[in-house]
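# Fold and contact review
What follows is each chain in one-letter form.
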Amino acid sequence: MSLLDVRGLTVTYADGAAAVRGVDLRLDAGRKLGVAGESGCGKSTLALALLRLLPAGTRVGGEILLDGEDVLAMKWGRVRAVRWAGASIVFQGAMHSLNPVRRVGDQIAEPILLHRRATPAGARRRTGELLEQVGLPAARGSAHPHELSGGQRQRVMIAMALACDPRLIIADEPTTALDVMIQAQILRLIEQVVADQDVGLIMISHDLAVLADTCDRLAVMYAGRVVEEGPARRVHEDARHPYARALSAAFPRIGDPASRFAPRGLPGDPPDPSALPAGCAFHPRCPVPLDSCAVEDQPLRDAGPDRRAACVHVTAQDRAPAQDRAPGRARDTDQPPDTGRSWAGDSGGSGDRDTPPAGPHDTVGDTSHAPDSPEEARRPAP
Ligand SMILES: Nc1ncnc2c1ncn2[C@@H]1O[C@H](COP(=O)(O)OP(=O)(O)OP(=O)(O)O)[C@@H](O)[C@H]1O
């Protein structure tokens, strides 16, 4: 049984905004799942839904099985217990999440007193241990949030998340407000916690490169849906969905210094979840749309070994077992039309705009072979 099994999750806010639309996710203990996407694509809504932290009046459907128990079907008493001991959230911007007028040690101790029914002395002792676990001296527990640096406050948030030994940690943009050096330290700390305690991690970020470096698997969200998911590095280096590819191209690739100098954006904005376009929600921004995309949405389907993508351009060839895909074999669908729009992942001033945009999956041949570079992955078939 998976630690977390989310099935067909839908979230609609009271004003009709369909923020999450049929999301399926699975996570095992000790594994790390990254959820990526632009601002407004529904990542935080998904995180809040997992612990039933959404505002009153929000409609939530589907199933959220945590250790086999459906969080959406729990009574409130059970939900409150699960919030700390079953799963906990590290929010972005610790300054806003911590109470500014209380000592951080008291804030860490609170869930221990409440949920572990510890004595005050026991809670103090455990708080000291937790602070040391996240790399802070136990004595820093007597500080108020404003007396700590941004990185130290985020460490406090992680200590708090660990207070009741949860099975699942959800980290929503845990490093967004931090500088690069501190960000790296916090990411390593989170990785260490997952490894030491065998917890599952869901890490949410708009930065696909950070997720690819930290997580085992990646789910890329657009307009409330997962449009691509698979092994983290493969999705970052060789995305199949045009949105995932554009998002990936917007961030430098780990171990590819050249990509640092060519971050590329995707024109336009994500759609308003109260007024989603018909068909595939991404088609108005897609560099390679077909006429049918304005009418028909695509389900997530196999897009190679252990990967899925929701795009009309994902072909039978992508889905075939690796041994059936002869290197250099031509694609088995029509090339998408040259729309005249640049492909975010293909341009970036590298001078290859003359090349017609390739299909989102345009990896000919054996996709189990990791291409040396995204450019190699996109090289047209001979
Ligand atoms: N309480 C709310 N009522 C109505 N709509 C909401 C509410 N909270 C969020 N939304 C809308 O739901 C959509 C998804 O928002 P959400 O915060 O989940 O996205 P996100 O991907 O986490 O973005 P960010 O990275 O900026 O937090 C957005 O269009 C947002 O405006």
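Figured I'd write up the structure that's included with this text. Only a predicted model underlies this, so the values are computations on that prediction, with no experimental measurement involved. (Residues numbered from 1 in each chain as written. Predicted model: local features only at pLDDT ≥ 70, side-chain atom pairs only at ≥ 80, totals over all residues.)

Further remarks concern the site of the ligand. Near the ligand you find 15 residues, and of these Tyr13, Ala19, Ser39, Ser44 and Thr45 are the closest. Counted by class, the shell around the ligand contains 6 nonpolar, 7 polar and 2 charged residues. (Near = placed C-beta within 6 Å. Nonpolar A, V, L, I, M, F, W, Y, C, P; charged D, E, K, R; others polar.)

Quick look at unusual backbone geometry now. The backbone phi angle of Ala223 is positive, close to 45°, even though this residue is not glycine. With respect to the secondary-structure elements, Ala223 resides in the loop between β9 (217-222) and β10 (225-231). A tally of 24 C-beta atoms within 10 Å means that Ala223 is categorised as buried. Even without being glycine, Asp306 reaches a positive phi, approximately 65°. (Helix = DSSP H or I, 4+ residues; strand = E, 2+ residues; numbered from the N terminus. Buried ≥ 20, exposed ≤ 12 C-beta atoms within 10 Å, placed from the backbone.)

When you tally the buried positions in β10, you get 6 out of 7 residues, the bulk of the element. In this structure, β9 lies alongside β10, joined through 6 bridges in antiparallel fashion. Looking across to β10, one finds that Tyr222 is bridged to Arg225. Between the end of β9 and the start of β10, which pair antiparallel, lie 2 residues, with Ala223 showing a positive phi angle near 45°. Where β10 and strand β12 (residues 308-309) come together, 2 bridges link them in antiparallel fashion. Of the residues in β12, the one forming a bridge with Glu228 is Ala309. (Pairing = 2+ DSSP bridges.)

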